[in-house]
Amino acid sequence: MKSTGIIRKLDELGRIVLPIEIRRTFALAEKDAVEIFVEGDSIVLKKHQPNCIMCGESKNLIEYKGKLICKSCTKNLSKKI
């Protein structure tokens, strides 16, 4: 993991501000969803990308009853019906 040399303090609600340089590098805009997970002894932030609930694909998604399914999986499902 590469260090940026930037240090931020948590506020009283546990929030931090991501520096503009990092937001630009990762194309993070206001209101974008960010995933938070733990990897060993590190906290990792990752820009959230919605995926198909069946195969994990992140392109050509269709929402059905609040769930995302890719076009390929919808075709496979329609063949089985």
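See the structure above.
Everything numeric here is computed off the predicted structure, so don't read it as measured data.

Definitions and limits used
- Residues numbered from 1 in each chain as written.
- Predicted model: local features only at pLDDT ≥ 70, side-chain atom pairs only at ≥ 80, totals over all residues.
- Heavy atoms only, no water.
- Salt bridge = Lys/Arg side-chain N within 4 Å of Asp/Glu carboxyl O.
- Buried < 20%, exposed > 50% of the residue type's maximum accessible area, 1.4 Å probe, protein only.
- Helix = DSSP H or I, 4+ residues; strand = E, 2+ residues; numbered from the N terminus.
- Pairing = 2+ DSSP bridges.
- Contact = heavy atoms within 4.5 Å.
- Polar contact = N/O pair within 3.5 Å; in protein donor to acceptor, adjacent residues only side chain to side chain.

Caption draft 1: Expanded view of the pattern of salt bridges. Under the criterion given, the structure shown has two salt bridges. The partner of Asp11 in a salt bridge is Arg15, with the nearest N and O atoms 2.8 Å apart. Classification of Asp11 as partly exposed rests on a relative accessible area of 27%. In this structure Arg15 comes out as partly exposed when scored by relative accessible area, which is 47%. A salt bridge links Asp32 to Lys47; its shortest N-O distance comes to 3.8 Å. On the criterion of sequence distance, the pair formed by Asp32 in the loop between helix 1 (20-25) and strand 1 (34-39) and Lys47 in strand 2 (residues 42-47) is long-range, its members being 15 residues apart. We classify Lys47 as partly exposed; its relative accessible area is 34%.

Caption draft 2: The pairing of strand 1, seen in detail. Relative to strand 2, strand 1 runs antiparallel, the two being bridged by six bridges. Counted as the bridge partner of Val38 is Ile43 from strand 2. Counted along the chain from strand 1 to the antiparallel partner strand 2, the turn is two residues long, and its residue Gly40 has a positive phi close to 65°.

Caption draft 3: Representation of the environment of Lys47 in the model. Sequence-wise, Lys47 and Ala27 are 20 residues apart; in three dimensions their C-alpha atoms are separated by 8.6 Å. When neighbours within four sequence positions are excluded, Lys47 is seen to be in contact with Phe26, Ala27, Leu28, Asp32, Ala33 and Glu35. A polar atom in the side chain of Lys47 sits 2.6 Å from the backbone oxygen of Ala27.

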